[in-house]
Amino acid sequence: MSKTFLIMGAINVFLCIALGAFGAHGLKQTLSESMLAVYQTGVQYHFYHAFGILIIGLLLHHFPKSRLIPVSGWLMLAGIVLFSLSLYTLSLTGIRGLGMITPFGGVSFLSAWILLAFAIWKEK
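Residues numbered from 1 in each chain as written. Predicted model: local features only at pLDDT ≥ 70, side-chain atom pairs only at ≥ 80, totals over all residues. Heavy atoms only, no water.

1. Here we look at the overall build of the protein chain
Let me state the cut-off plainly: Strands here mean DSSP runs of E at least two residues long; helices mean DSSP runs of H or I at least four residues long; both are numbered from the N terminus. For each residue, the accessible area found with a 1.4 Å probe, counting protein chains only, is set against the maximum for its type, and the residue is called buried under 20%, exposed over 50%, and partly exposed in between. Here, residues are in contact when the closest pair of their heavy atoms is within 4.5 Å. Areas reported here follow the Shrake-Rupley algorithm with a probe of radius 1.4 Å; residue values treat only the protein chains shown as occluding.
What the protein chain contains, in helices and strands, is four helices and zero strands. The linear arrangement of helices and strands in the protein chain, starting from the amino end, is α-α-α-α. Per-residue burial for the protein chain yields a buried fraction of 41% across its 124 residues. A fraction of 76% describes how many contacts in the protein chain between residues 6 or more apart in sequence connect residues 24 or more apart. For the protein chain, the exposed surface amounts to about 7200 Å²; the carbon and sulfur share of it is 73%.

Pasting the structure below:
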């Protein structure tokens, strides 16, 4: 399971760098300043949680029998999809209704981090 999260984390960091560069260079002339800020927020939180997924992979080396640590990693991935992807799509399409999805991603992020803290506290 550790290897899975390390690979997912590395792929997501790659995606963050690619999406960040695309936003900085490819979208600067296309998007309004406010929509570019929305896009950059998506990249920023994507980056934080890509590193979070890498941390999950490393923690699983120390706590290989934990059931909660992997759940935290999956919640981070769900948060990336719900939060960051909705912001990417909103900024590129202008479909405001997608903003209704974003808070579910935020809740996934928050749940992931509190669950991770609990899982580490619970381990012996």
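Once you've had a look at it, read on.
2. Quick notes on the environment of V13
Residue position: V13 is located in helix α1 (residues 2–26). Its relative accessible area of 13% is what places V13 among the buried residues. As a C-alpha pair, V13 and A78 span 65 residues in sequence and 15 Å in three-dimensional space. If we ignore the near neighbours within four places in the chain, the residues touching V13 are F47, A50, F51 and L54.

3. Quick notes on the nonpolar core
Selection rule: By convention a nonpolar core is built from buried Ala, Val, Leu, Ile, Met, Phe, Trp, Tyr and Cys residues, the set being connected through side-chain atoms within 4.5 Å.
Residues I56 and I69 are the most contacted members of the largest nonpolar core, which totals 26 residues. Listed by contribution, the elements that provide at least two residues to this core are α1, α2 (33–62), α3 (68–93) and α4 (102–122). Broken down by element, this core gets its largest block of residues, nine residues, from α2. Those residues in contact with I56 that lie beyond four places of it in its chain are F5, I69, S72, G73, M76 and L116.

4. Here's the deal with the side chain of T102
On the secondary structure map, T102 appears in helix α4. Beyond its immediate stretch of four places on either side in the chain, T102 contacts L82, F83, S86 and L87.

5. Observations regarding the packing of aromatic side chains
What counts here: For Phe, Tyr and Trp, where Trp contributes only its six-membered ring, two rings pair if their centres lie within 6.5 Å, and the inter-plane angle classes them as stacked under 30 degrees, edge-to-face over 60, or tilted in between.
Within this structure, the stated rule accounts for eight aromatic pairs. Taking 5.5 Å as the distance between ring centres and 5° as the angle between the ring planes, the aromatic pair formed by F47 and F51 counts as stacked. With F47 and F51 both in helix α2 and four residues apart, the pair spans about one turn of that helix. You can call F51 partly exposed: its relative accessible area is 42%. Each residue in the set Y45, Y48, F83 and F109 is aromatic and connected to the rest through ring pairs, giving one cluster.

6. Some words on the packing of α1 against α3
So the rule is basically this: Here the axes come from fitting lines to C-alpha atoms, over the contacting stretch only for helices, and the angles between their N-to-C directions go from 0 to 180 degrees. Angles are sorted into four bins: roughly parallel if under 35 degrees, roughly antiparallel if over 145, roughly perpendicular if 65 to 115, and oblique for all others. Should the near helix be turned counterclockwise from the far one by less than a right angle, the crossing is left-handed, whereas a clockwise turn marks it as right-handed.
Interaxial distance between α1 and α3 falls to 12 Å at its minimum, and their mutual angle equals 20°. By the angle between their directions, the pair α1 and α3 is classed as roughly parallel. α1 and α3 meet at a crossing whose hand is left-handed. Note on element contacts: α3 touches α1 through P70, G73, W74, L77, I80 and Y88, opposite F5, M8, N12 and L19.

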